[in-house]
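Results of the structural survey
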Amino acid sequence: MNAAIRVLPVILFAIFIGCKPEVSKTEPEPEKKGPTPIYWKKPAGFPDPVYDLSKNPLTQEGVELGRFLFYDGILSRTNKVGCGTCHQQQAAFTHHGHDLSHGVDDKLGVRNSPAVQNMAWNTSFFWDGGVHDMDLVPIVPIENPVEMDEKVVNVLAKLRNTPNQSSKIPVDYPKMFTAAFGTDEINTERMMKALSQFMVTMVSATSKYDYYKLGDANALNAQEKEGMSIFQKNCSSCHQGELFTDYSFRNNGLTPVRINDLGRAAITGKEDDQYKFKVPSLRNVGLTAPYMHDGRYSTLQEVLDHYTEKVQNLKTLDPKLIQENGKTGIALLPSEKIALIAFLRTLSDEQFIRDAKFGDPGIGNAF
């Protein structure tokens, strides 16, 4: 056989091998280092937040840990009362239908549960403003004898002792703390920061009113727009801006009923602060009945009737509630009240109260 012919197959084989595409090598996924950052953006028109995010950067793992803690009854002495017991999502995180909230052993509190929403903008917390740092807020209900009636040190011990069978879904908190903070150390600072991370994400800014402000002229009907004008004329001096509160403390003419609750004065010790309470945000106000610090009014109609007919001229009554003719309250016609209520209901944020990322993860609580 011709030598050239014998060499040809070898040459062709070499060419074939040389032209064979390289098998792609799968690069190993880089080992995950640390929690996953979350980019938090304030809604259009909102002011800058008060809460310092640089001292507690949001992460997916930190927010999720905070959500579990928020709903877990392990924070209470009975292991049945969580934050979510008195702050229920469908009611914009208030205790719907309860004028005064019920805590451990069904004990009755002295004030109505305020809404948990847009917390990053709060300059103080609770009806009397007794706390000025969101990271310290959970300590108050945890150690309140009629709310959770527990000691923070006991909560930490219980968290370290998980997973266990105290909840529907056993939660491994040491593992969750590791994911959120890098190690399984469970301490007060980490627990509070995780709860704050979750609460910072609880932003309500997708109501009909918000869509109107973003440029959708048809988001509000004629009656609602009329109500907005009435609101701006009569109510916006206290319920200011996109957050619908100036975070001040004011006496709105309510005579004490069940107890002599001094409000802000119980914190400051000042006589001039007697019966002054924090101006609440009106976002989701159509969902958060009953109203006032003691839940005495069941409907928005009753609230407006108070401002037109029942404001008491107490020593510390807010001057804005004294008319030029000396009468107390706000002058509103019945038709104006109807329009005003229609506008207030446009502040309801259906997306906020249905968003699964704010919901109970199913660990089980006493609702």
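Everything discussed here concerns the structure shown above.
Residues numbered from 1 in each chain as written. Predicted model: local features only at pLDDT ≥ 70, side-chain atom pairs only at ≥ 80, totals over all residues. Heavy atoms only, no water.

Check the secondary structure of the chain and you find 13 helices and 2 strands. Here the chain, with 367 residues, has 49% of them falling under the buried criterion. Partitioning the contacts of the chain with sequence separation of at least 6, the portion at a separation of at least 24 is 68%. Here the chain has roughly 19100 Å² of accessible surface; of this, 55% comes from carbon and sulfur atoms. (Helix = DSSP H or I, 4+ residues; strand = E, 2+ residues; numbered from the N terminus. Buried < 20%, exposed > 50% of the residue type's maximum accessible area, 1.4 Å probe, protein only. Contact = heavy atoms within 4.5 Å. Areas by Shrake-Rupley, 256 points an atom, 1.4 Å probe, with all protein chains shown as cover.)

Glancing now at empty space enclosed by the protein. Enumeration over the complete set of coordinates arrives at 2 cavities of 30 Å³ or more. Quantified by volume, the largest cavity comes out at close to 140 Å³. As for the largest cavity, its lining consists of 16 residues, and the residues nearest its centre are Pro 256, Asp 261, His 293, Asp 294 and Arg 296. Grouping the constituent residues of the lining of the largest cavity by class yields 8 nonpolar, 4 polar and 4 charged. (1 Å grid on protein atoms, 1.4 Å probe; cavity = no way out; pocket = protein on both sides within 12 Å on 5 of 7 lines; lining within 4 Å. Points joined across faces, edges and corners; volume = space filled by probe spheres on them. Nonpolar A, V, L, I, M, F, W, Y, C, P; charged D, E, K, R; others polar.)

Moving on, we get to unusual backbone geometry. Residues Thr 162 and Pro 163 are joined by a peptide bond in cis, for which omega reads 5 degrees. Going from Ala 289 to Pro 290, the amide bond is cis rather than trans, its omega being 0 degrees. Along the chain, the position of Pro 290 falls in the loop between strand S2 (277–278) and helix H11 (300–310). In this structure, Ala 92 takes a positive phi of about 55 degrees despite not being glycine.

One recurring pattern in soluble globular proteins: nonpolar side chains tend to sit buried together. Of all hydrophobic cores here, the largest spans 53 residues; its most connected members are Leu 69, Leu 75, Leu 159, Tyr 173 and Met 191. Mapped by element, the contributors of at least two residues to this core are helix H2 (60–71), helix H5 (152–160), helix H6 (173–181), helix H7 (188–200) and helix H13 (350–354). In terms of residue count, H7 provides more of this core than any other element does, 7 residues in total. Apart from the residues lying within four places of it in its own chain, the contact partners of Tyr 173 are Leu 65, Phe 68, Leu 69, Asp 72, Leu 159, Thr 162, Ile 186 and Ile 363. Counting 29 residues, the second largest nonpolar core, distinct from the first, contains Leu 254, Leu 304, Leu 317 and Ala 339. (Core = buried A, V, L, I, M, F, W, Y, C linked by side-chain atoms within 4.5 Å.)

Another aspect to go through is the pattern of salt bridges. One pass over the structure, following the stated rule, counts 19 salt bridges. In this structure, Arg 77 engages Asp 149 in a salt bridge whose closest nitrogen and oxygen atoms are separated by 2.6 Å. Of this pair, Arg 77 sits in the loop between H2 and helix H3 (83–86) while Asp 149 sits in the loop between helix H4 (139–143) and H5, placing them 72 residues apart in sequence. For Arg 77, a relative accessible area of 35% puts it in the partly exposed group. The class for Asp 149 is partly exposed, based on a relative accessible area of 25%. Among the ionic contacts, a cluster of salt bridges with common partners joins Arg 77, Asp 105 and Asp 149. (Salt bridge = Lys/Arg side-chain N within 4 Å of Asp/Glu carboxyl O.)

Okay, the environment of Thr 85 next. Position of Thr 85 relative to the elements: it lies in helix H3. Separated by 17 residues in the primary sequence, Thr 85 and His 102 place their C-alpha atoms 8.8 Å from one another.

Such a bond, covalent and formed between the sulfur atoms of two cysteines, is termed a disulfide. A complete count under the given rule lists 0 disulfides for this structure. You can see Cys 235 has no disulfide; the closest cysteine sulfur is in Cys 238, sitting 8.8 Å from it. By relative accessible area, which is 16% here, Cys 235 ends up buried. (Disulfide = S-S within 2.5 Å.)

So, on to the layout of surface pockets. Approximately 420 Å³ is the volume found for the second largest pocket. In terms of lining residues, the second largest pocket is bounded by 19 residues, among which Thr 201, Val 203, Asp 355, Lys 357 and Phe 358 are the most central. Elements with a minimum of two residues in the lining of the second largest pocket: H2 and H13. No other element matches H2, which puts 4 residues into the lining of the second largest pocket. Tallied by class, the residues present in the lining of the second largest pocket amount to 8 nonpolar, 4 polar and 7 charged.

Here we come to the packing of H11 against helix H12 (residues 334–345). At a minimum axis distance of 10 Å, the contact between H11 and H12 shows a crossing angle of 130 degrees. Classified by the interaxial angle, the pair formed by H11 and H12 is oblique. With respect to the hand of their crossing, H11 and H12 are arranged in right-handed fashion. Across from Leu 300, Gln 301, Leu 304, Asp 305, Thr 308 and Glu 309 in H11, the residues of H12 making contact are Lys 337, Leu 340, Ile 341, Leu 344 and Arg 345. Its residues assigned to classes, the contact of H11 with H12 shows 5 nonpolar, 2 polar and 4 charged. (Axes fitted to C-alpha atoms, helices over the stretch in contact; angles between N-to-C directions. Parallel < 35°, antiparallel > 145°, perpendicular 65-115°, else oblique. Left-handed = near helix turned anticlockwise from the far one by under 90°.)

Among the residues of H5, those classed as buried are Val 152, Val 155, Leu 156, Lys 158 and Leu 159. All buried residues of H5 lie within an arc of 165 degrees about the axis, which places them on one face of the element. Its buried side turned inward, H5 meets H2, H4, H6 and H7. (Arc of directions from axis to C-beta.)

Note on helix geometry: an α-helix contains 3.6 residues per turn, so any two residues three or four positions apart are oriented the same way. When the terminal C-alpha atoms of H2 are compared, their 17 Å separation across 12 residues agrees well with the 16 Å that a helix rising 1.5 Å per residue should span. Burial of H2 is extensive: 10 of the 12 residues sit out of reach of the surface. Within H2 the residues assigned to the buried category are Glu 61, Gly 62, Val 63, Leu 65, Gly 66, Arg 67, Phe 68, Leu 69, Phe 70 and Tyr 71. Tucked inside the fold, the buried residues of H2 contact H3, H5, H6 and H7. (Expected span 1.5 Å × (residues − 1).)

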